[in-house]
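Architecture and fold: a report
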Amino acid sequence: MLIIFIRTVLLYFIVLFVIRIMGKAELSKMSPFQMVVVFMIAELASIPIESPEVSLITGVTAIFTLMFIQILISYISLKNEKFKNFFSGRPSILIDNGNINHKELKSLRITINDLMEQLRLGSAASVSEVAYAIMESNGDLSIIQKPENKPLTPKDLSINKDDETMPVVLISDGVIYNKNLLISGWNKDRLEAELLKAGVENCNNIFLAFCDGVGVLHIFVKDEYSAYAKEVSK
Amino acid sequence: MKSLIISIVCMLVLVVPWNIYNNYANYKIEYYSSVIQHETVPALSNKDWFKAKESFKRVMEDWKKFKRTSDYFLNSSSLNDTNIIMNETYSHILKHDEDDAAACSSKLIQMLELLHDNEQITPGNVF
């Protein structure tokens, strides 16, 4: 039993290492193939855990080989478009300028009902509202609506909006994130002054404080009698 | 690029020791087969129990060291099976049981060769 415990701990760190090295792109399941590789790694890691007669190196060899192939393919795909298209596939245009491409639908074995369902899921009530529908290489359907069906934006109304900054967390569970203070252009004195203004004296009571895109501080304070942290900045 | 280099290093960390082990295993298996075939089996035929015991003991002692290394690379069940046959052969030699000792010796040679052959890169093993 102790052997299984030790093997599990070792494989946990090996899989963690492999996943970290493979990077976020592989984990984002951008292509079905990447998803399959991640599942294969998980499956391979379980073999030496389940079967003590299989050497750990056997499992690790398979995992490292998959990692190597996957990274190598990703690297070559970056350099070579044809190679990328072969391994990741290319998007298929199902609706082109409002016209349904029935040949493409047939080759992808998608029925009109499937297409309508996907359009509804993508907030398009009917085909007539859609200018372009593209089946991406990961299987998702991207829908670009016709200009007359697109929601109004400040640009349409010629309204000038100020540039927004990235919203950042400044305090989480009573801990001040100094790095985020710097990023958002805040400092500790200004933060403390804002907290006092909102009636918060002790940082430890703050569950979450963040600065939104327009530089407004939002403070959520914990209440020991409630499961909810309430906003006090308003 | 960094992750590609790390993945290549990971592969090398596995492939290089495996190659070293494979060469070492080739040499050791040949040595065991040679000692059993050219020293132990003829000694058994001549009923020279002392020589048979000494030559086989040499193989057994070396095998223990080899098994410790092989545990990292090979399936432990096939290693354990070979280990059992080796102990069985030794006990037959100690009991001066010529027929069983000779039978076990030839079985052992086969098992050692299989242990080695199963890890060779051949179409049969790959597919």
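Residues numbered from 1 in each chain as written. Chains lettered and ligands numbered in written order. Predicted model: local features only at pLDDT ≥ 70, side-chain atom pairs only at ≥ 80, totals over all residues. Heavy atoms only, no water.

**Quick notes on the overall build of chain B**
Looking only at helices and strands, chain B has five helices and zero strands in total. In chain B, the order of α-helices and β-strands from amino to carboxyl end is α-α-α-α-α. For 127 residues, the compact-globule formula gives about 14 Å, and the C-alpha radius of gyration of chain B, at 18 Å, lies well above that figure. If you line up chain B on its principal axes, its C-alpha atoms span 65 × 30 × 25 Å. Within chain B, the proportion of its 127 residues that are buried is 37%. In chain B, the share of contacts with a sequence separation of at least 24, taken over all contacts with a separation of at least 6, comes to 66%. (Helix = DSSP H or I, 4+ residues; strand = E, 2+ residues; numbered from the N terminus. Rg over C-alpha atoms; globule rule 2.2 N^0.38 Å. Buried < 20%, exposed > 50% of the residue type's maximum accessible area, 1.4 Å probe, protein only. Contact = heavy atoms within 4.5 Å.)

**Observations concerning the packing of aromatic side chains**
Under the definition given, this model contains 13 aromatic pairs over all chains. Ring geometry for B:Trp63 and B:Phe66: centres 5.7 Å apart, planes at 45 degrees, overall tilted. Taken together, the residues span about one helical turn, with B:Trp63 and B:Phe66 both in helix α2 (residues 49-70) at a distance of three residues. Accessibility expressed as a relative area gives 1% for B:Trp63, which makes it buried. Put simply, the rings of B:Trp18, B:Tyr21, B:Tyr24, B:Tyr31, B:Tyr32, B:Trp63, B:Phe66 and B:Phe73 touch in pairs and so form one group of aromatic residues. Above the plane of the ring of A:Trp186 lies A:Arg190, whose end atom (NZ or CZ) is 3.9 Å from the centre. (Phe/Tyr/Trp six-rings, centres within 6.5 Å; stacked < 30°, edge-to-face > 60°. Lys NZ or Arg CZ within 6 Å of the ring centre and 35° of its normal.)

**What about the confidence of the model for chain A?**
Overall, the prediction assigns chain A a mean pLDDT of 85, with 97% of residues at 70 or greater. Taken element by element, the predicted model of chain A shows its lowest mean pLDDT in helix α2 (residues 24-27) of chain A (69) and its highest in strand β3 (residues 130-135) of chain A (92). (pLDDT = per-residue confidence, 0-100.)

**Section: the packing of helix α3 (residues 32-50) of chain A against helix α4 (residues 56-79) of chain A**
Residues and elements named next belong to chain A. It is at 8 Å that the axes of α3 and α4 come closest, and there the two elements cross at 170 degrees. If you check the angle between α3 and α4, you find them roughly antiparallel. Note that α3 runs across α4; the crossing there is left-handed. Counted together, Phe-33, Gln-34, Val-37, Met-40, Ile-41, Leu-44, Ala-45 and Pro-48 of α3 and Leu-56, Gly-59, Ala-62, Ile-63, Leu-66, Gln-70 and Ile-73 of α4 form the full contact between these two elements. A per-class count over the contact of α3 with α4 returns 12 nonpolar, three polar and no charged. (Axes fitted to C-alpha atoms, helices over the stretch in contact; angles between N-to-C directions. Parallel < 35°, antiparallel > 145°, perpendicular 65-115°, else oblique. Left-handed = near helix turned anticlockwise from the far one by under 90°. Nonpolar A, V, L, I, M, F, W, Y, C, P; charged D, E, K, R; others polar.)

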